[in-house]
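# Report on the structure
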Amino acid sequence: DTAVSQTPKYLVTQMGNDKSIKCEQNLGHDTMYWYKQDSKKFLKIMFSYNNKELIINETVPNRFSPKSPDKAHLNLHINSLELGDSAVYFCASSQGLNSYNEQFFGPGTRLTVL
Amino acid sequence: AQKITQTQPGMFVQEKEAVTLDCTYDTSDQSYGLFWYKQPSSGEMIFLIYQGSYDEQNATEGRYSLNFQKARKSANLVISASQLGDSAMYFCAMNDYKLSFGAGTTVTVRA
C-alpha cells in the first residue's frame, strides 16, 4: 500500500536517448510534483500539477515534459538525455497547494546518463 | 537568492544526546509553512515535522521539536535523545507558494 510510487527505481541510459519515469499516488491528493536532487544532494522543484493542471514550471529545459493523465499520476518524459541530467528524481504529492500541506515523497528514481 | 539556509554541512552527536540543526529562511509572505525532512542513506525523503507561520506554539513530534523564532526567521530542529538510526541528512524546507529546500545537514550519531 505504497503512498507514492515511482518506476523505475534505477535507470541507466546513453546520452541522446529518450526516457520516461512514472509516478502514481494512492493518497487521493490533488497536487503532484517533480523534484531533482543533484550529486550534491541539493533538491529543487521542477514542476507541480494541481488537478492535472500545470502550476509550477521552473527553469527546466524543454527536453523535460511532464504529463498528468489523471490526478493520481504524474509522469516525466525526458528527451535527448544529457550527462547533466544524471540525478535522483523524486515525485511527491500533497493534498493541495496550501503552504501547510505536507508533501509525501516517492522513493526516487536514480537516473544515470552515460 | 537562497530562501533557506542551513549553515551546518555536517554534525557529530553522541548517542542519547540532543542535537540542534539550524535553519534560517527568507520570505516576504505572511503565510508559509516550514518543514523538516530526513533522508537516510537509503535515499527516501521522510517527513518529520511541520510549523505554520501563524502557529504560536513550537511544533513537536516525538523526539523532534521545532524551535520557531519568527522575528529572526529561524526554524531550528531539535532532536532529543539521539539514536544511531538518526544518522542521516536533514533538510529544512519552506513552502510559500512552492517548497524550497536548504542544502541539508548530515548528522552522524556516534555510539
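It should be noted that the structure appears before, not after, this text.
A brief report on the enclosed structure follows. (Residues numbered from 1 in each chain as written. Chains lettered and ligands numbered in written order. Predicted model: local features only at pLDDT ≥ 70, side-chain atom pairs only at ≥ 80, totals over all residues. Heavy atoms only, no water.)

## Here we look at empty space enclosed by the protein
Enumeration according to the criterion identifies 1 cavity of 30 Å³ or more in this entry. As for the largest cavity, its lining consists of Tyr33(A), Ser48(A), Ile56(A), Leu97(A), Gln103(A), Asn95(B), Tyr97(B), Lys98(B) and Leu99(B). Its residues placed into classes, the lining of the largest cavity shows 5 nonpolar, 3 polar and 1 charged. (1 Å grid on protein atoms, 1.4 Å probe; cavity = no way out; pocket = protein on both sides within 12 Å on 5 of 7 lines; lining within 4 Å. Points joined across faces, edges and corners; volume = space filled by probe spheres on them. Nonpolar A, V, L, I, M, F, W, Y, C, P; charged D, E, K, R; others polar.)

## Quick word on the interface of chain A and chain B
Listed per partner, the contact involves 16 residues of chain A and 21 residues of chain B. Of the roughly 1,600 Å² buried where chain A meets chain B, counting both sides, 57% is carbon and sulfur surface. Counting the surface chain A buries against chain B, the share from its top three residues, Leu43(A), Ser99(A) and Phe105(A), is 31%. Here chain A and chain B share 1 salt bridge between them. One salt bridge in this structure joins Glu58(A) and Lys98(B), with 2.7 Å as the shortest N-O distance. Our count for the chain A to chain B interface comes out at 3 residue pairs in polar contact (both at pLDDT 80 or more). Elements that contribute at least two residues to the side of chain A that touches chain B include exactly β4 (31–37) and β5 (43–50) of chain A. Split by residue class, the side of chain A that touches chain B holds 8 nonpolar, 5 polar and 3 charged. (Contact = heavy atoms within 4.5 Å. Buried area = accessible area lost by both parts, 1.4 Å probe. Salt bridge = Lys/Arg side-chain N within 4 Å of Asp/Glu carboxyl O. Polar contact = N/O pair within 3.5 Å; in protein donor to acceptor, adjacent residues only side chain to side chain. Helix = DSSP H or I, 4+ residues; strand = E, 2+ residues; numbered from the N terminus.)

## Focus: the side chain of Ser74(B)
Mapping Ser74(B) onto the fold places it in strand β9 (residues 74–79). When residues no more than four places from it in sequence are discounted, the contact partners of Ser74(B) are Cys23(B), Thr24(B), Tyr25(B), Asn67(B), Phe68(B) and Gln69(B).

## Some words on the side chain of Gln25(A)
Residues and elements named next belong to chain A. Checked against the element boundaries, glutamine 25 lands in strand β3 (residues 19–25). A residue is classified by how much of its surface remains accessible, and glutamine 25, at 3% relative accessible area, is buried. A polar contact is formed between the side chain of glutamine 25 and the backbone nitrogen of leucine 27, at a distance of 3.0 Å. Setting aside residues up to four positions removed in sequence, glutamine 25 forms contacts with Ala3, Val4, Met32, Lys71, Ala72 and Ser93. (Buried < 20%, exposed > 50% of the residue type's maximum accessible area, 1.4 Å probe, protein only.)

## Digging into the environment of Met89(B)
With respect to the element layout, Met89(B) can be found in strand β10 (residues 88–95). Under the relative-accessibility criterion, Met89(B) is labelled buried at 13%. Leave out the neighbours within four places in its chain, and Met89(B) touches Lys41(A), Tyr37(B), Lys38(B), Gln39(B), Ala103(B), Gly104(B), Thr105(B) and Thr106(B).

## Points about the packing of aromatic side chains
Using the criterion set out here, one finds 14 aromatic pairs over all chains in the structure. Centre to centre, the rings of Tyr35(A) and Phe105(A) are 5.3 Å apart; their planes meet at 40°, and the pair counts as tilted. Note that Tyr35(A) is positioned in strand β4 and Phe105(A) in strand β10 (residues 104–105), a separation of 70 residues in sequence. Taken as a pair, Tyr35(A) and Phe105(A) share a single burial class, namely buried. These aromatic residues form a ring-pair network of at least three members: Tyr33(A), Tyr35(A), Phe90(A), Phe105(A), Phe35(B), Tyr37(B), Phe47(B), Tyr50(B), Phe91(B) and Phe101(B). One residue, Arg63(B), lies across the ring of Tyr64(B), its end atom 5.7 Å from the ring centre. Positioned above the aromatic ring of Phe12(B) is the side chain of Arg110(B), whose terminal nitrogen or guanidinium carbon lies 4.0 Å from the ring centre. (Phe/Tyr/Trp six-rings, centres within 6.5 Å; stacked < 30°, edge-to-face > 60°. Lys NZ or Arg CZ within 6 Å of the ring centre and 35° of its normal.)

## Quick notes on the nonpolar core
Grouped together as the largest cluster of nonpolar side chains are 25 residues, with contacts concentrated most on Leu21(B), Tyr25(B), Trp36(B), Ile49(B), Leu77(B) and Tyr90(B). Within the residue set of this core, elements represented by two or more residues are β2 (10–14), β3 (19–21), β5 (33–39), β6 (46–52), β8 (64–69), β9, β10 and β12 (105–110) of chain B. For Leu21(B), the residues in contact, after removing those within four places along its chain, are Gln8(B), Met11(B), Trp36(B), Asn76(B), Leu77(B), Tyr90(B), Thr105(B) and Val107(B). Residues Tyr49(A), Leu76(A), Ala87(A) and Leu111(A) belong to the second largest nonpolar core, which totals 20 residues. (Core = buried A, V, L, I, M, F, W, Y, C linked by side-chain atoms within 4.5 Å.)

## Things to note about the pairing of strand β7 (residues 64–70) of chain A
On any regular strand, side chains alternate: one points to one face of the sheet, the next to the other face. Sheet analysis places β7(A) next to strand β8 (residues 73–78) of chain A, joined by 5 bridges and oriented antiparallel. If you follow Ser65(A) over to β8(A), its bridge partner there is His77(A). (Pairing = 2+ DSSP bridges.)

## Focus on the state of the cysteines
Such a bond, covalent and formed between the sulfur atoms of two cysteines, is termed a disulfide. Counted by the stated rule, this structure contains 2 disulfides over all chains. Here Cys23(A) engages in a disulfide with Cys91(A); their sulfurs sit 1.8 Å apart. Between Cys23(A) and Cys91(A) the sulfur-sulfur dihedral comes to about -75°; the bridge is accordingly left-handed. One end of the pair, Cys23(A), is in strand β3; the other, Cys91(A), is in strand β9 (residues 87–94), and 68 residues separate them in sequence. A relative accessible area of 1% places Cys23(A) in the buried class. Cys91(A) gets classed as buried once you look at its relative accessible area, which sits at 0%. Between Cys23(B) and Cys92(B) runs a disulfide, and the two sulfur atoms are separated by 1.9 Å. (Disulfide = S-S within 2.5 Å.)

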